[in-house]
Amino acid sequence: PSRGGSSASSDEYRFVASFNQHSGRFSAASMGPAEAGLSYWDKVGRPEDKAGRQLSAFIDLKDLERNREEHAAKRQQQHFQRAAYEAWRQRAGDQTKKRKQGWLYED
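> Would you mind going over a nonpolar patch on the surface with me for this structure?
Where nonpolar side chains cluster on the molecular surface, the patch consists of Tyr 40, Trp 41 and Val 44 and spans about 300 Å² of accessible area. Here Tyr 40 is to be found in helix 2 (residues 40-44).

Now the structure itself:
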């Protein structure tokens with residue numbers, strides 16, 4: 001029966017859900033299998049921890065993570081360069097020492 005000239009059916013107001021015994025939550029029947037296991041924060045694209053949500057209001061966390069990875073790669077490269085420099089410096093020091101003290105070992 002329609003009241004006040006409204007032709008809305010009762011199906012528009014129907015919500016079907018099922019209880020998931022493993023997670024202890026209700027799952028909407030309209031959700032696909034990809035969305036069924038997601039938490040609220042995953043659905044809205046925010047971190048689950050409080051600090052991450054607060055930080056995401058001011059900083060793009062994906063950009064921050066990418067910058068950290070780039071910096072770590074750069075530091076790793078610098079470490080290799082520093083090791084090569086130290087090896088070169090050791091060889092140069094050895095050659096200098098050999099040249100300066102070579103006369104001691106000559107007969």
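Once you've had a look at it, read on.
> Looking at this model, I keep getting lost on the pattern of salt bridges. Mind explaining?
As a working rule, side chains carrying opposite charge can pair if their charged atoms are close by. All chains considered together, the criterion is met by two salt bridges. One salt-bridge network, in which partners are shared between bridges, spans Asp 63, Arg 66 and Glu 70.

> Before we go on, may I ask you to explain the side chain of Ser 56 in this structure?
Relative to the elements of secondary structure, Ser 56 occurs in helix 3 (residues 50-56). Of the residues examined, Ser 56 reaches a relative accessible area of 17% and is grouped as buried. Reaching out from Ser 56, the side chain makes a polar contact with the backbone oxygen of Arg 53 at a distance of 2.8 Å. Look past the residues within four positions of Ser 56 in its chain and what remains in contact with it is Arg 46, Pro 47 and Leu 61.

Cut-off values and rules
Residues numbered from 1 in each chain as written. Predicted model: local features only at pLDDT ≥ 70, side-chain atom pairs only at ≥ 80, totals over all residues. Heavy atoms only, no water. Patch = residues over 30% accessible without salt bridge, like charges linked within 9 Å, V, L, I, M, F, W, Y side chains within 5 Å. Areas by Shrake-Rupley, 256 points an atom, 1.4 Å probe, with all protein chains shown as cover. Salt bridge = Lys/Arg side-chain N within 4 Å of Asp/Glu carboxyl O. Helix = DSSP H or I, 4+ residues; strand = E, 2+ residues; numbered from the N terminus. Buried < 20%, exposed > 50% of the residue type's maximum accessible area, 1.4 Å probe, protein only. Polar contact = N/O pair within 3.5 Å; in protein donor to acceptor, adjacent residues only side chain to side chain. Contact = heavy atoms within 4.5 Å.

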